[in-house]
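Descriptive structure summary
Now for the letters of each chain:
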Amino acid sequence: MATSTTRPRKTTATRTVKQTDDYGHLQPQAPELEAAVLGALMIEKDAYPLISEILKPESFYEHRHQLLYKAIQTLAIQQNPIDILTVAQQLRTTGELDEVGGPVYISQLAGRVNSSAHIEYHARIIAQKYLARELITFTSGIQTKAFDETQDVEDLMQEAEGQLFAISQQNLKKDYTQINPVIEAAYEQLKVAASRDSGLSGLSTGFYELDRYTSGWQNSDLIIMAARPAMGKTAFVLSMAKNIAVNNREPVAMFSLEMSNVQLVNRLITNVCEIPGEKIKSGQLAPYEWKQLDRNINSLIDAPLYVDDTPSLSIFELRTKARRLVREHGVKIIIIDYLQLMNASGASFGSRQEEVSTISRSLKGLAKELNIPIIALSQLNRGVESREGIDGKRPQLSDLRESGAIEQDADIVCFIHRPEYYKIYQDEKGNDLKGVAEIIIAKHRNGAVGDVRLRFVGQYARFQNIEDESLAPLPEHAVLASKMNNRNRQPNIDDQYIGMPPVPPPPSPNDAGNPFALGGVGGDDVVPF
């Protein structure tokens with residue numbers, strides 16, 4: 001009798017606890033459905049696999065139901081039978097049998113249902129109630145901290161983004177698909193590729209040899225472009241972005257964590273207009289260069305290239321912005337410069353390696369979610385510098401900095417290698433390596449690996465196909481430099497051209513065709529980009 005009076009007291013206490021908010025609202029819950037699901041699990045041996053990916057112990061509102069489901073989960077993992085007796089024994093082993101109401105309550109749960117019909121539908125309702133409770137807890141906590149004047153608002157926003165991202169990830173479960181519709185999708189993709197003159201199934205980079213290996217960047221792929229500093233990582237992706245957005249008019253988004261928007265666009269102007277970067281910065285352009293600028297810069301105006309220079313961008317901010325860019329502008333590819341400058345604010349990590357692992361894993365998940373390729377630049381460690389010889393300077397997968405998870409998560413890993421940087425001017429066969437860049441495809445999950453050679457034009461910060469020529473013609477009145485022509489002339493910034501008049505001041509506002517001269521210096525007219 002003593003035992004029977006004790007158990008109901010525990011049971012009653014557990015069942016009558018109701019959580020309400022400050023306004024007396026009852027938290028979202030479905031105890032009747034919880035009881036029905038637990039009962040069905042104990043009478044049908046095949047019921048658990050139907051809901052194992054939908055529910056977890058925390059999904060249940062009542063504490064005793066959490067303990068019961070945890071016991072059922074443990075039995076399933078150990079591949080033991082699940083019924084009234086085994087569940088009671090498992091709870092007895094953990095000392096939690098009395099806490100759930102004893103064998104009597106377990107028997108009552110099993111007696112309430114006749115079959116496991118609709119168990120999956122009931123489980124989804126329970127899961128939705130749990131998510132609603134999580135959102136209430138989340139918003140309540142953020143609201144309380146927002147009233148605290150000692151809290152930094154920026155830090156609080158980062159924390160809120162991190163927590164909301166974690167909650168949203170709980171509901172991103174993708175079900176299996178029968179193979180027929182997948183075959184149809186693959187066949188349609190094959191027909192689209194066959195109908196193109198290029199024969200590419202993905203997004204063309206504009207670099208023919210690279211496209212030959214990859215068939216273009218493929219949707220849902222995470223591509224890592226890694227190199228040591230000064231190898232030209234930003235120059236490469238800018239050249240590629242120009243090919244995609246300017247030449248092919250495909251929308252591109254670029255997140256630059258290292259350079260400002262203006263610096264990035266200046267390098268793009270240098271690339272497209274073929275004017276050395278130092279002249280773009282100083283503004284000391286010769287007359288023919290102003291004409292060259294006016295003629296070529298128009299191709300950049302209205303190009304579907306979207307640039308974001310938010311410093312120390314978090315993976316949660318990126319996810320929000322990327323979704324909007326894809327939804328509103330139809331962006332086909334996202335470029336991140338570069339991965340190690342990102343953070344995963346709002347979450348705690350034991351080391352920087354764990355944080356980088358989370359970032360790379362999240363980038364892969366984002367590429368799959370948006371179904372577009374994502375390119376992330378990455379730094380290499382100093383292992384390359386310590387190795388000797390021509391082959392020793394070539395990057396390896398083990399050189400990826402801060403995390404081996406980058407290599408695992410990426411579908412393609414490419415290295416940018418310029419032998420000329422290490423004063424290596426010829427390869428083993430005696431071929432000239434001056435101005436040559438190698439794109440080393442070190443990992444390719446769905447294709448071949450190999451090396452692609454491109455031309456690197458340093459003064460224009462541009463990568464191009466080996467066979468491509470310069471786009472800008474030499475000015476008609478320019479004379480190439482020579483000792484004879486240069487005998488009595490003082491060296492200046494235009495020494496590569498002889499017989500040129502002194503650099504004039506910037507063109508007047510009346511200069512026709514100059515997009516920068518819309519309203520003159522200090523004018524109110526809008527710059528064309």
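It should be emphasised that the depicted structure is a prediction, and the values quoted were computed from it without experimental measurement. (Residues numbered from 1 in each chain as written. Predicted model: local features only at pLDDT ≥ 70, side-chain atom pairs only at ≥ 80, totals over all residues. Heavy atoms only, no water.)

Thoughts on helix α2 (residues 31-43)
- Between the first and last C-alpha of α2 there are 19 Å, a value that for 13 residues agrees with the 18 Å anticipated at 1.5 Å per step.
- For α2, the tally of buried residues reaches 10 of 13 residues, placing the bulk of the element in the interior.
- Those residues of α2 that fall on the buried side of the exposure criterion are Pro31, Glu34, Ala35, Ala36, Val37, Leu38, Gly39, Ala40, Leu41 and Met42.
- The inward-facing, buried residues of α2 abut α3 (48-51), α4 (63-77), α5 (84-94), α7 (102-111) and α8 (119-147). (Helix = DSSP H or I, 4+ residues; strand = E, 2+ residues; numbered from the N terminus. Expected span 1.5 Å × (residues − 1). Buried < 20%, exposed > 50% of the residue type's maximum accessible area, 1.4 Å probe, protein only. Contact = heavy atoms within 4.5 Å.)

Overview of the pairing of strand β2 (residues 252-256)
- Of all the 5 residues making up β2, 5 are buried; the element is thus mostly covered by neighbouring parts of the structure.
- Side chains Val252, Met254 and Ser256 project from β2 onto one buried face, and the interleaved Ala253 and Phe255 project onto a second face that is buried too.
- In the sheet, β2 pairs with strand β3 (residues 305-308) via 4 bridges, with the strands oriented parallel. In the sheet register, alanine 253 faces β3, and the bridge partner there is tyrosine 306.
- Bridge count for β2 against strand β4 (residues 333-337) is 5 bridges, and the pairing is parallel. Bridge pairing links methionine 254 to isoleucine 335 in β4. (Pairing = 2+ DSSP bridges.)

Let's talk about the sheet that holds strand β8 (residues 450-457)
- Spatially, 9 strands are ordered β3-β2-β4-β5-β1-β6-β7-β8-β9 in an open sheet, and the strand pairing comes out mixed. At either end of the open sheet lies a strand with only one pairing partner, and these are β3 and β9 (462-465). Across the sheet, the mean angle from the axis of one strand to that of its neighbour is 25 degrees, orientation sign disregarded.
- Relative to strand β6 (residues 412-417), strand β1 (residues 222-227) is paired through 4 bridges, and the arrangement is parallel. Bridge pairing in β6 links alanine 226 to phenylalanine 415.
- Of the strands in this sheet, β2, β3 and β9 touch helix α13 (residues 261-273), which is tilted by about 140 degrees from β3. (Axes fitted to C-alpha atoms, helices over the stretch in contact; angles between N-to-C directions.)

A look at the nonpolar core
- Judged by nonpolar contacts, the single largest core of 89 residues is most densely connected at Ile224, Phe236 and Ile334.
- When residues of this core are assigned to their parent elements, the largest contribution, 9 residues, is made by helix α12 (residues 233-247).
- What isoleucine 224 contacts, discounting residues up to four positions off in sequence, is Leu339, Ala376, Ser378, Leu400, Ile406, Ala410, Ile412, Val413 and Cys414.
- Counting 33 residues, the second-largest nonpolar core is a separate cluster that includes Ala40, Met42, Leu109 and Ala123. (Core = buried A, V, L, I, M, F, W, Y, C linked by side-chain atoms within 4.5 Å.)

With respect to the pattern of salt bridges
- Enumeration according to the criterion identifies 14 salt bridges in this entry.
- Salt-bridge contacts for arginine 124 lead to glutamate 120; the nearest nitrogen and oxygen are separated by 3.3 Å. Of this pair, arginine 124 and glutamate 120 both sit in helix α8, 4 residues apart, which is roughly one turn of that helix.
- Exposure remark for arginine 124: the relative accessible area of 42% places this residue in the partly exposed category. (Salt bridge = Lys/Arg side-chain N within 4 Å of Asp/Glu carboxyl O.)

So, the environment of lysine 145
- For lysine 145, the position within the fold is in helix α8.
- On the accessibility criterion, lysine 145 (29% relative accessible area) is partly exposed.
- Spatially, the C-alpha atoms of lysine 145 and leucine 156 are 7.7 Å apart, while their sequence positions differ by 11 residues.

A few points about the pairing of β9
- Relative to β9, β8 is paired through 4 bridges, and the arrangement is antiparallel. Pairing of phenylalanine 456 across the sheet is with phenylalanine 463, part of β9.
- Between β8 and β9, which pair antiparallel one after the other, the connecting turn spans 4 residues, and alanine 461 there sits at a positive phi close to 50 degrees.

Examining a nonpolar patch on the surface
- A cluster of nonpolar side chains, Ile179, Val182 and Ile183, forms an exposed patch at the surface whose accessible area comes to about 280 Å².
- In this structure, valine 182 sits in helix α10 (residues 179-195).
- By relative accessible area, valine 182 is classed as partly exposed at 45%. (Patch = residues over 30% accessible without salt bridge, like charges linked within 9 Å, V, L, I, M, F, W, Y side chains within 5 Å. Areas by Shrake-Rupley, 256 points an atom, 1.4 Å probe, with all protein chains shown as cover.)

A closer look at the packing of aromatic side chains
- Following the criterion strictly, the structure yields 6 aromatic pairs and no others.
- With a centroid separation of 5.0 Å and 40 degrees between ring planes, the pair formed by phenylalanine 60 and tyrosine 69 is classed as tilted. Tyrosine 69 matches phenylalanine 60 in its accessibility class, with the two residues each being buried.
- Here a set of aromatic residues connected by ring pairs shows up, and it is made of Phe207, Phe236, Phe456 and Phe463.
- Here the guanidinium or amino end of arginine 64 rests over the ring plane of tyrosine 105, the centre of that ring lying 4.0 Å away.
- Its end group placed over the ring of tyrosine 213, arginine 212 keeps NZ or CZ at 5.2 Å from the ring centre. (Phe/Tyr/Trp six-rings, centres within 6.5 Å; stacked < 30°, edge-to-face > 60°. Lys NZ or Arg CZ within 6 Å of the ring centre and 35° of its normal.)

So yeah, pure geometry; function would need other evidence.
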